[in-house]
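Listed below are the residues making up each chain.
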Amino acid sequence: MDGLPGDPTPITPVIKAGWLDKNPPQGSYIYQKRWVRLDADHLRYFDSNKDAYSKRFISVACISRVAAIGDQKFEVITNNRTFAFRAESDAERKEWVRALQQAAAEQGARARLSSTYPLGVRGPELPDHAGSLELRGFKNKLYVAVAGDKVQLYKNLEEYHLGIGITFIDMSVGNVKEADRRSFDLTTPYRIFSFSAESELEKEQWLEAMQGAIAEALSTSEVAERIWAMAPNRFCADCGAAQPDWASINLCVVICKRCAGEHRGLGAGVSKVRSLKMDRKVWTETLIELFLHLGNGTGNHFWAANVPPSEALQPNSSPGARRRHLEAKYREGKYRRYHPLFGNQEELDKALCATVTTTDLAETQALLGCGAGVNCFSGDPEAPTPLALAEQAGQILQMEFLRNNRTTEVPRLESTKPLEKHYSVVLPTVSHSGFLYKTASAGKLLQDRRAREEFSRRWCVLSDGVLSYYENERAVTPNGEIRASEIVCLAVPPPDTHGFEHTFEVYTEGERLYLFGLESAELAREWVKCIAKAFIPPLAEDLLTRDFERLGRLPYKAGLSLQRAQEGWFSLTGSELRAVFPEGPCEEPLQLRKLQELSVQGDSENQVLVLVERRRTLYIQGERRLDFTGWLGAIQKAAASSGDTLSEQQLGDSDIPVIVYRCVDYITQCGLTSEGIYRKCGQTSKTQRLLESLRQDARSVRLKEGEQHVDDVSSALKRFLRDLPDGLFTRAQRLAWLDTSEIEDEEEKVSRYRELLARLPPVNRATVKALISHLYCVQCFSDTNQMNTHNLAIVFGPTLFQTDGQDYKAGRVVEDLISHYVVVFSVDEEELRKQREEITAIVKMRVAGTASGTQHAGDFICTVYLEEKKADTEQHIKIPASMTAEELTLEILDRRNVGIRERDYWTCFEVNEREEAERPLHFAEKVLPILHGLGTDSYLVVKKHQSMEAMLLYLASHVGDTKHGMMKFREDRSLLGLGLPSGGFHDRYFILNSSCLRLYKEIRSQRSWSGAPETSHRPEKEWPVRSLKVYLGVKKKLRPPTCWGFTVVHETEKHEKQQWYLCCETQMELREWFATFLFVQHDGLVWPSEPSRVSRAVPEVRLGSVSLIPLRGSENEMRRSVAAFAADPLSLLRNV
Ligand SMILES: [Zn+2]
């Protein structure tokens, strides 16, 4: 027995039949001769062997014991009834006892296996309909149950529970006919049963139920058997019950009858339920085929990727548990495997349009289940929808799947879970009272100024977590009240926003806004503090240590747990957003003006504010419209340049305004060798346009060579600096700077500059340093650009000091700063030495005009590309022996000033062009040995690892250290020089565990119950897993059967390389194999934990090679000479 319970054959074969004497009923001594028949489910006895309908049947499941007693007799014992029979001989008795015991044991095993029915519950099926009916010829009413394809008759309800009945009618031979009023007939070829129901209404229900039983009896299991051919389809996708004969045709899963009932309850927008046996017309060849491709295996791989054991369904789960589970599984998508593109509608739609033209149905399922629009516009008017695309590509199964999902709703976690809604933290008790001026509450934000007359004076009392307002201080009943627990936000508008000088706004969960006003700043502050204390829980009390403009709670998502939003506490002060997350660690405040991205995503119903700071991303959800809109406006305002002064600009990491950084960066890339740089003026109109867009939103401006002339950019920078309202050196201090330039004693002068520098506001100080460092580099190339220190000083003196240039004092300051920049700006001696060396060498190399060698001073220098191999994505980088792939990646990103966002899995790849394969380096891998092994066909590229998230999710939901399954396999024989025909790809079975990758030619088709395959042979091949290199991709020349292939390279001890090519059926499969490889090869550490990334310090030794300024540009010569140093010598900006 292979353990699959139940055979789908409809007629239960007889195990044993024969004449037996049945013990007489009570009060009689005469044994009755009965024809007794046993099948797997029932023991029945009949008056004669000709009868179709029994006198009695006993459910085998209810038999607890069978025992021989004296006199050739034996007893069949059920829960509370004993039946005694007498055989004609000892041998005959022995056979009956054995047959009965065996039947009972098998029935028990079956019940345990499917664990469908807890002990004491009888029968394999719950009735579809049951109740009392009169049957002509019987004095008492009978208990009748319609179950499956049978109508069972019991003497009463008690016997029904005991599993002991009179007879049952197989409805394959039945027919029902209405008779008078409450009566109806169930006719069979052998007998007519005339029933009478209690009412006509009940009669209708009985007729319907019995007709259903006939339909079920007549249904063929042909469709079911074909669909069950795939092993996972033999068990309910939701609860695991055996022989599920229902299906959801849009979800493409096979389910049991009980789950089918709950599926129907979800509505057709979630699940379209059909019977495998009855809805015969539905089951076209295409649909059956689709179920063989998707079905329960693939379906659960997606829908049930993350089911916590506590929430899993059992075949005997209660209807309530079933409903909850199925709601969570399909309506909310709670357990689904998140697609890497989840949340990115545009990308999801694009991916869907691409996938439907392939055979990858699992991917289509994953995309639709994660929100891809089934009817999205493909961009192609010829084939505007995914369905049309699939049709065009001839993908019939994709078409069928898309059609069945045309109206399927996208799963969505309910944001209004009662669990998260009720805030159960005990709030501190605060008391405060006094007069406040109050307006009527509003349902939207206050756009206009509220005049003084709109406020009414109210006596307000804050006590026991309630803010009550009264007509006056003597009033007993409040006019109204606001519970502190309902307050979601407290905002303080700037003074004089309304008719009262000082105001504050209270937002409630019920989307109301209350405006309060006061004359006195002091009193207003006091009220704000008290209300804040009343609604902020102790865990977020830190937020109260500073004044704030806005304070409240908001649902957010952050970190790796993006599936579920949590409630966090936020306060906004100036451009700083502070947050307290209940479960997270203490967070640094977000500097809104330093954000790399600030955007609002989602539709108007479900807005999400996305804040991207260097190395972290925060999503704030607009669960409540009113307070979210308020936050949105306030955060956007706080993140923008708030004025023309330096500190009001959008700032980069080192407090340098983004606008300055952008220009300096561009000149460094493209303008260092441009003659007369900074002296020549750009076109006025272009300069103005550029400056305008930089001022508006410097963060989003990307300066590109060919689009902007260096002189336009340099002029824009000069214009910006010249127009600073307070000047770079501030109005207050500029005279002191100018006077300093007149000091004769150099030493004294420099130390005075240092003093003055220290007195500048931080942003000004950082900007001065960045700018002078830049100018220092510019003058290094004065041979080419003709801009020596003096010339630069002539240009920049009047610009920075905003003078007319008549007097050279300003110029002298700039000249001094450039000449003495090392001392004035405390540039480290080691740093200085390196920079000087490097700059000198650059100049030398530039003069020599060549950059032949790639090695310098013993360091290995390597070209690494960003995102793809192109001339302008080249980065030349010095690789110290200790450098890991992660460090390399971060350095490249740093140089290009690319921010790392949450879920951007930036990784260094080794790309092998000849093999058309690539290998993401493990983050801890040392780069240098890899470089040494790189052939001429290979290079390194830093790009996002698109599958990493999917792999991490896979690993999180599985024990990752083993995987087995079929793959298409091909060996590279030509390499071995055996001269054998290279052949194609063949199915092979693979087992990957922590030590080896094993290949089996054949395995037995059956699987043992443990789920592990039974491999019949020793492995055909076996490789130690740690010495394997796994590359994604298989070269096209080999004609891989699917596009989800990978190449495994094994280097033997003799340094011979062997290559295997493996292809998976789906992308998901490929990812799982790849993830398992990574997991096994790196002891489970597949991706660095977040803290290691954040706390990454720039190693001292590489100070000179870490730069904010990317090396890019058209000046080939420059690039090559700089490349020779691997490091950017112009990195002074970095260490501000
Ligand atoms: Zn089920």
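Read on for a plain summary of the structure. Along every chain, residues carry numbers that run from 1 in the direction the sequence is written. Totals for whole chains, interfaces and linings use all residues, but because this is a predicted model, local features are given only for residues with pLDDT of at least 70 and pairs of side-chain atoms are given and counted only at 80 or more. With hydrogens and water stripped out, all remaining heavy atoms of the structure feed into the side-chain values.

**What to know about a negative patch on the surface**
Then, number 1: The patch calculation keeps residues exceeding 30% relative accessible area without a salt bridge and links them within 9 Å when they carry like charges or within 5 Å when they are nonpolar (Val, Leu, Ile, Met, Phe, Trp, Tyr). Exposure was quantified through the Shrake-Rupley algorithm and a 1.4 Å probe, taking into account, for residues, occlusion by the shown protein chains and nothing else. For salt bridges, the criterion is a side-chain nitrogen of Lys or Arg within 4 Å of an Asp or Glu carboxyl oxygen. Charged-residue counts in this description rest on Lys and Arg as positive and Asp and Glu as negative, His and the chain ends being excluded. Here the site of a charge means NZ on Lys, CZ on Arg, CG on Asp, or CD on Glu. Where like charges cluster on the molecular surface, the negative patch consists of Glu744, Asp745, Glu747 and Glu748.
Then, number 2: Position of Glu748 relative to the elements: it lies in helix H20 (residues 746-759). Starting at the N terminus, helices and strands are each numbered in turn, a helix being any DSSP run of H or I of at least four residues and a strand any DSSP run of E of at least two.

**What to know about the environment of Glu902**
Then, number 1: Tracing the backbone shows Glu902 in the loop between helix H27 (885-895) and strand S35 (906-912).
Then, number 2: Here the alpha-carbon distance between Glu902 and Thr617, two residues 285 residues apart in the chain, equals 5.4 Å.

**Some remarks on the packing of helix H10 (residues 361-369) against helix H12 (residues 396-404)**
Then, number 1: Comment: axis = line fitted to C-alpha atoms, over the contacting stretch for helices; angle = value between 0 and 180 degrees taken between N-to-C directions. It is at 10 Å that the axes of H10 and H12 come closest, and there the two elements cross at 20°. What the angle tells us is that H10 and H12 run roughly parallel. Crossing geometry of H10 relative to H12 is assigned as right-handed. From H10, Leu361, Thr364, Gln365 and Leu368 reach across to H12, where they touch Leu397, Gln398, Phe401 and Leu402.
Then, number 2: When its residues are assigned to classes, the contact of H10 with H12 shows five nonpolar, three polar and no charged. When describing relative orientation, an angle under 35 degrees is termed roughly parallel and one over 145 degrees roughly antiparallel, while 65 to 115 degrees is termed roughly perpendicular and anything else oblique. If you view the pair so one helix is near and one far, a crossing is left-handed when the near helix is turned anticlockwise from the far one by less than a right angle, and right-handed when it is turned clockwise. Any pair of residues with heavy atoms lying within 4.5 Å of one another is described as a contacting pair. Polar here means any residue outside two lists: the nonpolar Ala, Val, Leu, Ile, Met, Phe, Trp, Tyr, Cys and Pro, and the charged Asp, Glu, Lys and Arg; Gly therefore counts as polar.

**Side note on the pattern of salt bridges**
Then, number 1: If you walk through the whole model with that rule in mind, you get 52 salt bridges.
Then, number 2: Residues Glu971 and Lys1021 are paired through a salt bridge, measuring 3.3 Å at the closest nitrogen-oxygen approach. Residue Glu971 is found in strand S38 (residues 963-971), and its partner Lys1021 is found in strand S41 (residues 1021-1024); the two are separated by 50 residues along the sequence.
Then, number 3: With a 1.4 Å probe rolled over the protein chains alone, any residue whose accessible area is under 20% of its type maximum counts as buried; one over 50% counts as exposed, and the rest are partly exposed. Judged by relative accessible area, which is 22%, Lys1021 ranks as partly exposed.
Then, number 4: Through salt bridges with shared partners, one network takes in Asp21, Lys33, Arg86 and Glu88.

**Details of helix H30 (residues 1067-1081)**
Then, number 1: In this model H30 runs 21 Å from its N-terminal to its C-terminal C-alpha over 15 residues, within 8% of the 21 Å that 1.5 Å per residue would give.
Then, number 2: Within H30, 13 of the 15 residues are buried, leaving the element largely enclosed by the surrounding structure. In a helix, the anticipated span is given by 1.5 Å times the number of residues less one.

**Some points on the coordination of the zinc ion**
Then, number 1: Coordinating donors are taken as N, O and S atoms within 2.8 Å of the metal, stretched to 3.2 Å for Na, K and Ca; because water is absent from the atoms, sites can appear incomplete. Around the zinc ion, the protein contributes the donor atoms Cys236 (SG), Cys239 (SG), Cys256 (SG) and Cys259 (SG), which lie 2.2 to 2.4 Å from the metal centre.
Then, number 2: Geometry at the zinc ion is tetrahedral, judged from the four donor atoms that bind it and their angles of 105 to 117° at the metal.
Then, number 3: Mapping the donors of the zinc ion onto the primary sequence gives the spacing C-x2-C-x16-C-x2-C. Residue Cys236 is located in the loop between helix H4 (222-227) and strand S16 (246-248), and its partner Cys259 is located in helix H5 (residues 257-266); the two are separated by 23 residues in the primary sequence.
Then, number 4: Judged by its relative accessible area of 5%, Cys236 is buried.
Then, number 5: For Cys259, a relative accessible area of 0% corresponds to the buried category. A four-donor site is classed as tetrahedral when every donor-metal-donor angle falls between 85 and 135 degrees; four donors are called square planar, and six octahedral, when trans pairs exceed 155 degrees and all remaining angles lie between 65 and 115, with any other arrangement labelled irregular.

**With respect to the sheet that holds strand S10 (residues 150-154)**
Then, number 1: Strand order in the open sheet formed by seven strands is S12-S10-S9-S8-S15-S14-S13, and the pairing between neighbours is antiparallel. Among the strands making up the open sheet, the edge pair consists of strand S12 (167-170) and strand S13 (175-178). Each strand axis lies, on average, 35° off the axis of its neighbour in the sheet, ignoring direction.
Then, number 2: Two strands pair when backbone bridges link them, and strand S14 (residues 183-187) and strand S15 (residues 192-196) are joined in this way by five bridges, in the antiparallel orientation. Note that in S15 the partner of Ser183 across the bridge is Ser196. Pairing between two strands requires that DSSP report at least two bridges joining them.

**Quick notes on the sheet that holds strand S2 (residues 32-39)**
Across a sheet, strands are paired by hydrogen bonds formed along the backbone, either parallel or antiparallel in direction.
Then, number 1: Ordered by their spatial adjacency, eight strands build an open sheet running S5-S6-S7-S1-S2-S3-S4-S11, and the pairing between neighbours is antiparallel. Two strands bound the open sheet, and with one partner strand each, they are strand S5 (63-69) and strand S11 (164-165).
Then, number 2: Where S5 and strand S6 (residues 73-78) come together, six bridges link them in antiparallel fashion. What sits directly across from Ile69, in S6, is Lys73.

**Quick word on the packing of H5 against helix H8 (residues 319-331)**
Then, number 1: Where H5 meets H8, the closest approach of the two axes is 9 Å, and the angle between their N-to-C directions is 55°. It follows from the interaxial angle that H5 and H8 lie oblique. Remark: the crossing between H5 and H8 carries right-handed chirality. Facing Arg258, Cys259, Glu262, His263 and Leu266 of H5, the residues of H8 in contact are Pro319, Arg322, Arg323, Leu326, Glu327, Tyr330 and Arg331.
Then, number 2: Here the contact of H5 with H8 is composed, by residue class, of five nonpolar, one polar and six charged.

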